[in-house]
Amino acid sequence: MTSADMKSAILHHLVYTLGKDAGHAQVYDWRMALSYAVRDRIVDHWFESTRRSYAEKCKRVYYLSMEFLIGRLLQDAIINLRLEDITLDALSELKLDYKALLEDEPDAALGNGGLGRLAACFMESMATLGLPAMGYGIRYENGLFRQSFEDGRQIEEPEDWLSQTDPWEFVRPEVSIDIGFGGHVQEMGNRANWYPSELLIAMGHDTPAIGWKGRWGNTLRLWEARPMRGFDLARFNRGDYAAAAEPEALARTLSRVLYPDDTTEQGKELRLKQEYFFTAASLRDILRRFESEYNDLALLPRKAAIQMNDTHPAIAGPELVRLLHDERGMDFDEAVAIARKTLSYTNHTLLPEALETWGEARMGRLLPRHMQLIDRIDDLERRENGPRAIASHRDGKVHMGTLGFVMSHKVNGVSALHTELMKTTVFKDLNELHPGRIVNETNGVTPRRWLLASNPRLSGLITETIGEGWVDDLEQLAKLEPFIDDTAFLDRFAAAKRANKDDLARWFASELEVSVDPEAIFDIQVKRIHEYKRQHLNLLETIAHWLEIRDNPNHGWTPRVKIFGGKAFPGYLFAKEIVHLTNDIAKVLNSDPLTSRYLKVVFPPNYNVSLAERLIPAADLSEQISTAGKEASGTGNMKFALNGAPTVGTLDGANVEIRELVGADNFFLFGMTADEVEERRKIEGHAARAIAADPRLARAIETIRSGRFSPEDPGRYRGIADNLEYQDYFMVCSDFTDYWRAQREIDTAFLDRAHWSRMAALNTARSGWFSSDRTIHGYMADIWHAEAAPLVADAAE
């Protein structure tokens with residue numbers, strides 16, 4: 001394809017797809033026309049990949065996830081198809097601003113955090129490796145929520161990404177599947193018929209997932225909920241207008257919002273319905289595809305691998321058994337055996353409260369047949385394993401983590417530490433009963449998005465230095481090491497970082513009206529707001545540091561900008577107070593004439609993929625400070641290291657592996673280990689002891705308690721102060737002193753810019769192992785037993 005071809009394709013779509021002429025087209029129109037022109041280049045390779053999957057009788061991987069945080073797709077597609085130069089030339093001829101078109105694209109509101117971004121990275125890596133695969137999820141109309149701040153408080157508004165046409169999706173009305181809830185079960189011997197009382201339709205929407213150089217394309221299929229019967233004209237004509245639209249409104253509720261607030265009974269019911277809705281639709285679609293090729297259901301585990309991303313799709317176990325046993329007449333024990341060989345489960349948490357449970361009454365009311373099948377699965381477990389068997393249905397609840405475990409042939413953790421802790425904590429008894437079922441697959445990130453596209457200055461330097469082979473073989477970054485002692489290379493590395501910081505500083509000034517000095521340490525903590533992630537530890541150190549600067553403003557402090565990002569779930573009140581406190585601290589510190597030249601706090605709202613792509617390349621320091629033993633892995637930590645930001649962190653999640661690979665001298669370690677945390681927690685009054693032992697900590701907490709950051713409401717943060725002093729389950733106070741020590745070491749280290757640049761460059765050079773390509777290779781070998789298909793020719797060639 002030439003630039004003339006691209007220009008012609010853009011103009012064609014502008015006129016014939018969008019109905020606009022060039023003289024009247026707006027940024028939106030040009031962006032959509034470019035998207036359709038690029039999509040045309042994807043489709044042929046996508047179709048060819050599908051044809052090869054069928055022709056080669058490939059085993060397919062099906063990835064079931066409540067979230068796919070795919071972000072913007074236009075630049076992703078252009079880069080993976082190697083169309084950057086052609087596109088730039090074409091847009092230049094049309095006198096269009098490439099960056100403006102890219103930034104006009106809304107982020108797809110299909111996820112929240114690491115779990116969803118991991119799923120998106122996996123989709124891209126599976127396509128890059130040529131692994132036939134499909135992702136399945138929900139097409140959320142309004143996502144989680146759009147975050148804004150009002151007087152420092154988090155305000156949640158619906159995401160409106162679908163108010164514009166999504167140019168990447170193909171609507172599949174022919175892929176419509178009936179999904180039921182409630183009703184009754186009619187027993188027929190060992191089998192049963194389920195007669196749901198509520199029915200709706202799951203309709204598919206397909207988005208191509210194209211790999212590096214366009215050599216393979218897979219499909220992300222997202223389900224939209226539709227009513228069985230739409231608009232009720234009879235009711236409308238009787239004047240009952242609201243009731244006329246009620247079926248459609250109720251159905252759409254299922255695919256409107258990601259993670260509805262489950263502090264209410266209605267929210268809990270909606271969440272369980274969502275999980276069953278997309279899981280059941282996906283399984284029926286998988287079996288439809290399988291049965292179009294094969295007649296023997298016993299072949300299913302050899303031709304399909306179904307991965308459950310966390311407990312949300314764990315209902316897949318009993319649902320697949322129902323489809324095989326009730327609907328296709330297979331013996332129950334055989335159906336369970338085939339389901340187990342086909343299913344596998346990724347665990348993402350060591351927090352017992354995060355392993356979903358559903359009350360037996362709710363499960364029995366919404367999914368009566370599944371409740372029966374869960375009990376039969378438990379009975380089979382007892383027959384196979386005796387009195388040591390662990391039931392999924394116990395204590396009046398269905399434990400979805402247990403169900404996911406017993407119905408999978410493999411259960412994987414997502415970092416080496418997390419996997420070992422799974423064996424000794426949340427799944428200790430199950431691991432003893434099923435040794436070898438738990439395996440490790442440490443997470444990774446796609447280098448195409450998280451380095452090549454998001455950090456063109458650094459990726460350009462890397463390619464110029466070692467060639468472009470690193471893009472699909474990230475461990476080639478190790479070839480950078482001989483250059484790190486070259487002053488010229490380090491100067492260019494530092495210059496790329498500084499230019500990224502300059503860009504971010506300008507963005508803060510224009511969008512947030514906050515002025516920051518790019519000479520300062522850009523110290524960044526971006527992730528979901530949660531007590532175990534310990535944003536409040538960061539805030540306590542910020543307050544303590546501010547107070548010391550105020551005490552001695554002429555000391556010659558190392559300037560620092562503390563940058564936060566992340567959303568608090570609407571029903572998580574403590575996390576929302578952390579958000580509010582962060583903004584109140586920023587308001588006070590940023591306006592302090594004594595200290596603001598040395599310390600500022602910035603909290604841009606609505607953290608998402610696009611904001612991450614802006615922040616991460618500009619980071620000097622990566623904050624990975626969760627309580628040891630609580631973070632499963634993390635992927636943000638990998639993105640920061642890959643982009644040349646040393647970590648300050650605990651021995652938690654993948655931090656352990658990052659430190660091992662980048663070297664202890666290039667990582668600022670602090671805090672207790674997971675074992676030490678457990679021992680410390682046994683000490684009565686551990687928080688009060690830590691506070692008494694450290695005057696800085698005591699002063700910081702008292703400053704919060706006194707209302708200094710909320711003079712109009714002095715008691716606003718008393719609850720946070722009380723939690724720290726009297727509860728502190730996540731060991732903020734006990735880790736504070738060592739965190740302070742690490743931060744002052746960072747201040748000193750940053751003064752030697754050449755040494756700091758060397759540390760940063762070594763982080764990049766030694767992060768090649770954290771590619772999601774490597775992770776997918778691990779799943780293919782250890783869990784899915786699947787092979788890549790022969791790749792089609794490079795799209796760029």
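Residues numbered from 1 in each chain as written. Predicted model: local features only at pLDDT ≥ 70, side-chain atom pairs only at ≥ 80, totals over all residues. Heavy atoms only, no water.

J.: Explanation requested: empty space enclosed by the protein in the structure shown.
T.: One simple way to see leftover space: roll a probe sized like a water molecule over the atoms. Applying the stated criterion across every chain, the model contains 6 cavities of 30 Å³ or more. The space that makes up the largest cavity amounts to roughly 260 Å³. In this structure, the largest cavity is lined by 17 residues; those nearest its centre are Leu73, Asp76, Pro208, Ala209 and Ile210. Estimates place the volume of the second largest cavity at around 150 Å³. Lining the second largest cavity are 17 residues, with Pro106, Ala108, Trp161, Asp166 and Trp168 sitting closest to its centre. Looking at the lining of the second largest cavity residue by residue, the classes come out as 9 nonpolar, 4 polar and 4 charged. (1 Å grid on protein atoms, 1.4 Å probe; cavity = no way out; pocket = protein on both sides within 12 Å on 5 of 7 lines; lining within 4 Å. Points joined across faces, edges and corners; volume = space filled by probe spheres on them. Nonpolar A, V, L, I, M, F, W, Y, C, P; charged D, E, K, R; others polar.)

J.: How do you make sense of the nonpolar core when you look at a structure like this?
T.: Nonpolar side chains in soluble globular proteins generally cluster together in the buried interior. Met126, Ile179, Phe277, Met363 and Trp784 are the most contacted members of the largest nonpolar core, which has 142 residues in total. If you tally residues by element for this core, the top one is helix H10 (residues 265-291), at 11 residues. In this structure, methionine 363 is in contact with Leu272, Ile315, Trp358, Pro368, Met371, Ile374, Val398 and Met400, ignoring residues within four places of it in sequence. Formed by 57 residues, the second largest nonpolar core is a distinct cluster that contains Val471, Leu490, Phe493 and Leu762. (Core = buried A, V, L, I, M, F, W, Y, C linked by side-chain atoms within 4.5 Å. Buried < 20%, exposed > 50% of the residue type's maximum accessible area, 1.4 Å probe, protein only. Helix = DSSP H or I, 4+ residues; strand = E, 2+ residues; numbered from the N terminus. Contact = heavy atoms within 4.5 Å.)

J.: Honestly, helix H33 (residues 772-784) in this entry has me stumped. Any pointers?
T.: Side chains that are three or four residues apart share a direction in an α-helix, a result of its 3.6 residues per turn. Taking 1.5 Å of rise per residue, 13 residues should cover 18 Å, yet H33 covers just 16 Å from first to last C-alpha, more than 12% shy of that figure. Among the 13 residues in H33, 10 count as buried, and that is most of the element. Along H33, the residues classified as buried are Ser772, Asp773, Arg774, Thr775, Ile776, Gly778, Tyr779, Met780, Ile783 and Trp784. Backbone geometry just downstream of H33 places histidine 785 in the positive-phi region, at approximately 50°. (Expected span 1.5 Å × (residues − 1).)

J.: Please explain the layout of surface pockets as it appears in this structure.
T.: Approximately 720 Å³ is the volume attributed to the second largest pocket. Forming the boundary of the second largest pocket are 22 residues, of which Lys99, Glu103, Ala453, Ser454 and Glu613 lie nearest the centre. If you list the elements that add at least two residues to the lining of the second largest pocket, you get helix H3 (74-80), helix H5 (98-104), helix H19 (447-453), helix H20 (456-466), helix H21 (487-512) and helix H24 (609-615). At 5 residues, H21 tops the list of elements feeding residues into the lining of the second largest pocket. Looking at side-chain class alone, the lining of the second largest pocket contains 7 nonpolar, 4 polar and 11 charged residues.

J.: Even after reading the chapter, I still don't get the pairing of strand S2 (residues 133-138), so can you show me in this structure?
T.: The side chains of a regular strand alternate between both faces of the sheet. Among the 6 residues of S2, 6 are classified as buried, and the element is accordingly described as predominantly covered. Residue alternation in S2 divides its side chains into two sets, Ala133, Gly135 and Gly137 and Met134, Tyr136 and Ile138, and both sets are buried. Sheet analysis places strand S1 (residues 60-64) next to S2, joined by 4 bridges and oriented parallel. Paired with leucine 64 across the two strands is tyrosine 136, which belongs to S2. Where S2 and strand S9 (residues 217-227) come together, 5 bridges link them in parallel fashion. The residue bridging tyrosine 136 from the neighbouring strand is arginine 221, located in S9. (Pairing = 2+ DSSP bridges.)

J.: It is not clear to me how the sheet that holds S1 should be interpreted in this structure. Could you clarify?
T.: The strands making up a sheet are joined through hydrogen bonds of the backbone, oriented either antiparallel or parallel. The strand order across the open sheet built from 9 strands is S5-S8-S9-S2-S1-S10-S11-S15-S16, with neighbouring strands paired in mixed fashion. Looking at strand neighbours, the two that pair on one side only are strand S5 (170-181) and strand S16 (438-440), the edges of this open sheet. Between one strand axis and the next, the sheet turns through 25° on average, direction left out of account. Taken strand by strand, helix H17 (residues 416-424) contacts strand S15 (410-413) and S16, and its axis lies near 165° from that of S16. (Axes fitted to C-alpha atoms, helices over the stretch in contact; angles between N-to-C directions.)

J.: Looking at this structure, how should I read the pattern of salt bridges?
T.: Here the idea is simple: oppositely charged side chains can pair when their charged atoms come close. Using the criterion set out here, one finds 77 salt bridges in the structure. Bridged by salt links that share partners, the residues Asp523, Glu541, Arg560, Lys562, Glu623, Arg744 and Asp747 form one connected network. (Salt bridge = Lys/Arg side-chain N within 4 Å of Asp/Glu carboxyl O.)

J.: Hey, could you run me through the environment of valine 656 in this one?
T.: Note that valine 656 resides in helix H26 (residues 655-662). For the pair valine 656 and leucine 669, spaced 13 residues apart in sequence, the C-alpha to C-alpha distance is 9.8 Å. Residues in contact with valine 656, not counting those within four places in the same chain, are Leu417 and Leu651.

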